[in-house]
Structure formats: C-alpha cells, structure tokens
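# Structure at a glance
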Amino acid sequence: MIEELIDRAAAEDDSAIEELTVIADSDPEKLAPYLGSLLDRDVLWPGKLYRAADADVVRRVVERIDGGGTPDRLNHLLIILAHTAHPLAESAMRRWSTHPPAGADKLYVGVLDYAREGGWTVGPDGRRRDLCGGTAYLWMMREAPRRADGGTCPWCTSPLWIAAELDTADPAVGAALAHTGWSGRLVIETCHFCACYATLYSQVTPAGTTAWWAGNTRPDYLGSLEAEDPPSLTPIPGAVRHSPYQASAWDRGGSTMGGRPDWIQDAEHPDCPGCGQPMDYVGLIGGADLDEYGEGAYYLHLHQPCGFAAVNYQQS
Ligand SMILES: [Zn+2]
Ligand SMILES: [Zn+2]
C-alpha cells in the first residue's frame with residue numbers, strides 16, 4: 001500500500017502525498033523502510049515525510065548536498081535533514097554553516113537556521129536544544145467566562161484572551177511542558193486580534209501571573225482599531241495523542257498541547273526578548289476549534305529561564 005502511494009506521489013498525485021503525510025504524522029516509523037525509495041523517486045516535499053529516516057537515508061541526503069549536483073533542491077534537502085533531526089544531519093549542518101554548500105547563496109536563512117523547521121536549534125554554547133516536546137495531548141475547548149479583573153489590549157482595547165491556563169501539577173501538563181523546564185502555574189494571555197499581526201510577548205511567573213510585555217512593537221500598518229470580544233473558549237487537556245506530530249492547524253479537533261507544531265507557513269519559533277534565543281513550543285490552538293468559520297492557528301511559546309511567553313499566528 002505504501003509502495004503504491006510512493007508510485008503515485010512520484011507522479012505528483014497530491015492525494016497520495018497527503019496520505020503519506022497523514023502516516024508521517026500518526027506513525028512516522030511506518031514510512032522508515034520506504035524512505036530510500038522515496039528519495040530515489042525524488043519525492044522531496046513535504047520534508048516531514050522523512051522524520052523517521054535512518055542513518056543510511058540521512059547519509060545519502062548529505063552526500064547529495066555535498067555533491068552539489070542539484071543546488072536548486074538545497075532548500076528541500078535541508079528541510080528534510082532538519083526533520084530527521086539525526087546526529088549525522090546535525091553535524092553536516094554545522095559544517096555547512098561555516099562551509100556553505102552549492103546553492104546556499106540563494107537561501108533566505110542560514111543553513112543552521114533550518115533546524116527550526118524540525119523543532120530544534122543550536123544554542124550559543126554550541127549545544128543542541130530541542131524546542132518541542134515528545135508528548136502531546138488533545139486540547140479541548142471549554143467555555144471560560146471573562147474575568148472581571150482581566151486586562152485589555154493596549155493596542156486595540158479588546159479584552160485580553162486567556163489562551164492557556166496550565167499547571168504542571170497536572171501530570172499531562174507536566175509531560176507536555178517537560179522540555180521547557182517550567183514548574184508551576186502558567187497563564188498565557190494575549191490579544192486574539194493583534195496576535196494575528198505581530199508576535200505578542202508576555203511576562204509570566206509560576207505563580208500564574210501574566211503581564212503584557214511593554215516592548216511589544218505595534219506594526220505601523222495597524223491603524224485605529226476597535227475593540228472586539230475575544231473567543232469565549234479556552235483549552236483544557238484531553239487524551240494523550242498517539243504521536244507528538246498530530247496537531248492540526250486546519251482541522252477541527254486539531255488543537256494540541258505539547259508535541260510538535262503543525263505550521264501553516266514556514267516554522268516560526270519566536271526569539272525570546274530576554275535572551276534572543278528561540279523559545280520553546282507549548283501548543284497550538286486551531287481557529288477551527290474556536291469558531292465555526294475560524295481559520296489559521298495560534299501558536300504558544302515559552303522561555304522558562306527568562307519568564308517570557310509568546311503567541312503568534314499563521315494562516316494560509
Ligand atoms: Zn489587540
Ligand atoms: Zn530567553
């Protein structure tokens with residue numbers, strides 16, 4: 001069945017690629033024995049198909065980049081390597097960051113910045129850091145009456161929206177946030193409207209306090225704005241997901257705490273205002289779960305050492 005999908009994918013059948021993507025999200029290991037043949041057939045997109053690539057496949061991708069024969073495919077090949085997060089991929093990407101491969105002059109970001117597509121980064125200390133967790137839970141929406149003492153957005157005066165109210169005392173929350181190092185309560189408050197136009201940062205503490213960050217920069221093109229009511233919903237953790245890759249930014253029921261983000265556009269792990277390093281990923285709330293006609297997705301982030309949370313938004 002997978003062989004047949006690969007045949008169709010090689011003939012640029014979008015529905016076959018979609019089916020392979022569903023397998024890559026729900027059970028990536030299932031594709032592992034077939035990734036060599038996928039590479040042979042030059043099916044390089046989407047890169048997440050290669051999540052479970054073994055050393056052999058990773059080595060072949062690295063050799064193809066080093067060979068320099070297809071510099072126009074460098075972008076796709078680097079995204080594949082980022083998704084594998086394999087040590088061989090990491091060491092090649094480190095090497096190329098100082099000795100760029102053929103085609104690197106056409107890239108929009110540095111070779112090592114591609115790591116973020118796979119949810120990891122190399123810190124200033126030279127050590128690798130995973131930005132995402134290995135365990136994911138369904139996020140279910142529940143009605144949340146607005147707090148009488150709630151703040152308003154300094155830009156548009158809308159009441160702020162509690163995008164998440166978490167406590168690591170809940171074992172599910174503790175597991176989903178383990179990679180962040182957070183311990184205690186975590187309230188992530190944002191403006192549901194302005195977050196669609198700029199990454200909004202807040203300062204948070206394990207006591208559950210949250211405050212709008214004074215350094216948030218309003219985009220010039222946001223003119224005068226009218227207040228809008230935020231969603232009346234806030235997420236609560238549900239069942240554990242079968243794999244950490246099952247968030248969906250598109251489908252109803254796709255909202256997910258922990259695991260890996262389903263980016264609609266390129267990966268966008270925001271940089272922490274405190275230290276400049278990419279923040280850890282917390283979860284995704286799909287527009288489809290907030291509103292019948294909702295679209296796009298809100299992505300939640302945290303940097304525990306600096307006490308910053310962030311919310312950004314993507315749509316197609
Ligand atoms: Zn606002
Ligand atoms: Zn920081």
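Thresholds applied
- Residues numbered from 1 in each chain as written.
- Chains lettered and ligands numbered in written order.
- Predicted model: local features only at pLDDT ≥ 70, side-chain atom pairs only at ≥ 80, totals over all residues.
- Heavy atoms only, no water.
- Pairing = 2+ DSSP bridges.
- Helix = DSSP H or I, 4+ residues; strand = E, 2+ residues; numbered from the N terminus.
- Axes fitted to C-alpha atoms, helices over the stretch in contact; angles between N-to-C directions.
- Patch = residues over 30% accessible without salt bridge, like charges linked within 9 Å, V, L, I, M, F, W, Y side chains within 5 Å.
- Areas by Shrake-Rupley, 256 points an atom, 1.4 Å probe, with all protein chains shown as cover.
- Salt bridge = Lys/Arg side-chain N within 4 Å of Asp/Glu carboxyl O.
- Lys, Arg positive; Asp, Glu negative; His and termini not counted.
- Charge placed at Lys NZ, Arg CZ, Asp CG, Glu CD.
- Buried < 20%, exposed > 50% of the residue type's maximum accessible area, 1.4 Å probe, protein only.
- Expected span 1.5 Å × (residues − 1).
- Contact = heavy atoms within 4.5 Å.
- Core = buried A, V, L, I, M, F, W, Y, C linked by side-chain atoms within 4.5 Å.

This next bit is on the sheet that holds strand β6 (residues 200-204). Strand order in the open sheet formed by 8 strands is β7-β6-β12-β11-β10-β9-β3-β8, with antiparallel pairing between adjacent strands. Whereas interior strands pair on both sides, the edge strands pair on one side only; in this sheet they are β7 (210-212) and β8 (233-240). This sheet shows a mean twist of 30 degrees between the axes of neighbouring strands, independent of strand direction.

Here we take up a negative patch on the surface. Side chains of E12, D14, E18 and D251 sit close together on the surface and give a patch of like negative charge. Positionally, E18 belongs in helix α2 (residues 14-26). You can call E18 partly exposed: its relative accessible area is 49%.

Turning to α2, a few remarks are in order. Over its 13 residues, α2 runs 19 Å from end to end, which matches the ideal 18 Å to within 8%, given 1.5 Å per residue. Buried residues in α2 make contact with α1 (2-10) and α3 (35-40).

Ranked by internal contacts, the top residues of the largest apolar core, which has 41 residues, are L20, Y50, L81 and W96. At the level of secondary structure, the elements contributing two or more residues to this core comprise α1, α2, α3, α4 (55-67), α5 (74-84), α6 (87-98) and β1 (120-122). If you tally residues by element for this core, the top one is α5, at 6 residues. Contacts of L20, omitting those with residues within four sequence positions, involve I2, L5, I6, A9, L31, L38 and L49. Of all hydrophobic cores here, the second largest spans 36 residues; its members include A163, L186, C194 and Y298.

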